[in-house]
Amino acid sequence: MTLNLIDPLWYKPSDISLDDIMASLPSKDRGYDAFVLYELSLTDDAMDLRPLHAGERNGYSEEDRKRIEAGFSPIRKPEETRSIPSGKYLFEQFPAAFSSSDIPRLLLPYATKSGQIYIRFFKESILESVMQFMIPQ
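The model shown is predicted, which means the values in this text are computed figures rather than measured ones.

Colleague: For this particular structure, what's the right way to read the side chain of Arg 57?
Modeller: With respect to the element layout, Arg 57 can be found in strand E4 (residues 47-57). Judged by relative accessible area, Arg 57 falls into the buried class, the value being 5%. There is a polar contact of 3.2 Å between the side chain of Arg 57 and the backbone oxygen of Trp 10. Sequence-distant contacts of Arg 57, that is, excluding residues within four places in its chain, are made with Leu 9, Trp 10, Tyr 11, Gly 31, Tyr 32, Asp 33, Glu 80 and Arg 120.

What follows is the structure in structure tokens.
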């Protein structure tokens, strides 16, 4: 599926890993949002994923939710210096029930060229969290 992200998603910089995010999801509040940016390298016989940086945030305030519902961007906080930039992405969503060792197998059908990939986690409710692949197009 294609995702056209109109506004960047802003985060506080973090050194959190994909496995750290997965382990902490059950204890996070609804709306928690985090990502890890990877550099994807493909050769004829291998796929390599190297983490570049990460970011996280605890969800939107009530004021931000009202702005979003009214069609406006949330107000960016000064500490939010990392982003998933606006743009066009190949997008796929999964239940957040995997570890970093599962990522190459899950990513294989979408890995058509070397480049960057954002792996984003979002806690939708107390019981449901999702993992998203966002590959810039």
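Colleague: Help me understand the packing of aromatic side chains in this model?
Modeller: Any aromatic ring pair is given by two values, namely how distant the centres are and how the planes are angled relative to each other. With the rule as written, the count across this model stands at five aromatic pairs. Aromatic side chains Phe 35 and Tyr 118 sit 5.7 Å apart centroid to centroid with 55° between the ring planes, which places their arrangement in the tilted category. Highlighted residues: Phe 35 in strand E3 (residues 33-42) and Tyr 118 in strand E7 (residues 115-123), separated in sequence by 83 residues. You'll find Phe 35 and Tyr 118 in the same group, each marked buried. Feature note: the residues Tyr 11, Phe 35, Tyr 89 and Tyr 118 constitute an aromatic cluster, connected by ring pairs. Sitting above the plane of the Trp 10 ring, Arg 76 keeps its charged end 3.4 Å from the centroid.

Colleague: Would you explain the environment of Glu 92 in this entry?
Modeller: Along the polypeptide, Glu 92 turns up in strand E6 (residues 87-95). Overall, Glu 92 belongs to the partly exposed group, its relative accessible area being 26%. For the pair formed by Glu 92 and Leu 107, sequence separation is 15 residues and the distance between their alpha carbons is 9.5 Å. Those residues in contact with Glu 92, other than ones at most four positions away along the chain, are Tyr 110, Met 131, Gln 132 and Phe 133. There is a polar contact of 3.3 Å between the side chain of Glu 92 and the side chain of Tyr 110.

About the criteria used
Residues numbered from 1 in each chain as written. Predicted model: local features only at pLDDT ≥ 70, side-chain atom pairs only at ≥ 80, totals over all residues. Heavy atoms only, no water. Helix = DSSP H or I, 4+ residues; strand = E, 2+ residues; numbered from the N terminus. Buried < 20%, exposed > 50% of the residue type's maximum accessible area, 1.4 Å probe, protein only. Polar contact = N/O pair within 3.5 Å; in protein donor to acceptor, adjacent residues only side chain to side chain. Contact = heavy atoms within 4.5 Å. Phe/Tyr/Trp six-rings, centres within 6.5 Å; stacked < 30°, edge-to-face > 60°. Lys NZ or Arg CZ within 6 Å of the ring centre and 35° of its normal.

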